[in-house]
Amino acid sequence: MITGMALAFAGYFGGFGAFLLVAALGGLGWAAGRWVEGGGVRDVRDACERSRR
């Protein structure tokens, strides 16, 4: 919910470009967090594949 609110504010006040920037940085932050927790590239890739199913 917090992520959605951040994207909504970015889209409303900054336009579509800001929306994309916030979404991209949020995705990079999520991947970096998974990496730091010890998963590495394989864990991030597996998490993305599981979310598609």
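For every chain, the first residue of the written sequence is number 1, and numbering continues from 1 onward in sequence order. In keeping with the model being predicted, local features are shown solely for residues with a pLDDT of at least 70 and side-chain atom pairs are shown and tallied solely at 80 or more, while totals for entire chains, interfaces and linings include all residues. Hydrogens and water are ignored here; the side-chain numbers use all heavy atoms of the structure.

### Points about the overall build of the protein
Helices and strands together make up the secondary structure of the protein, namely three helices and zero strands. Runs of E in the DSSP output that reach at least two residues are strands. Runs of H or I that reach at least four are helices, and both are numbered from the N terminus. Helices and strands appear in the protein in the N-to-C order α-α-α. Taken over C-alpha atoms, the radius of gyration comes to 13 Å for the protein, far larger than the 10 Å a tight globule of 53 residues would show. The principal-axis extent of the C-alpha atoms belonging to the protein is close to 35 × 25 × 20 Å. Relative accessibility under 20% of the residue-type maximum defines a buried residue, over 50% an exposed one, and the middle range a partly exposed one, all with a 1.4 Å probe and only protein chains included. Burial analysis of the protein (53 residues in total) assigns 9% to the buried set. It is over C-alpha atoms that the radius of gyration is taken, and the globule rule equals 2.2 Å times the number of residues to the power 0.38.

### Considerations on the packing of aromatic side chains
Classification of ring pairs rests on two measures: the distance between centres of Phe, Tyr or Trp rings, Trp counted by its six-membered ring, which must be within 6.5 Å, and the angle between planes, read as stacked under 30 degrees, edge-to-face over 60 and tilted in between. Across all of its chains, the model carries three aromatic pairs by this definition. Ring centres 4.9 Å apart and planes at 85° place the aromatic pair Tyr12 and Phe13 in the edge-to-face group. Look at Tyr12 and you get exposed, because its relative accessible area is 66%. The exposure class of Phe13 is exposed, given its relative accessible area of 63%. Through successive ring pairs, a cluster of aromatic residues spans Phe9, Tyr12 and Phe13.

### Quick notes on the environment of Thr3
By the element assignment, Thr3 lies in helix H1 (residues 2-14). The class of Thr3 is exposed, set by a relative accessible area of 57%. Sequence separation between Thr3 and Gly27 is 24 residues, and the spatial gap between their C-alpha atoms is 10 Å.

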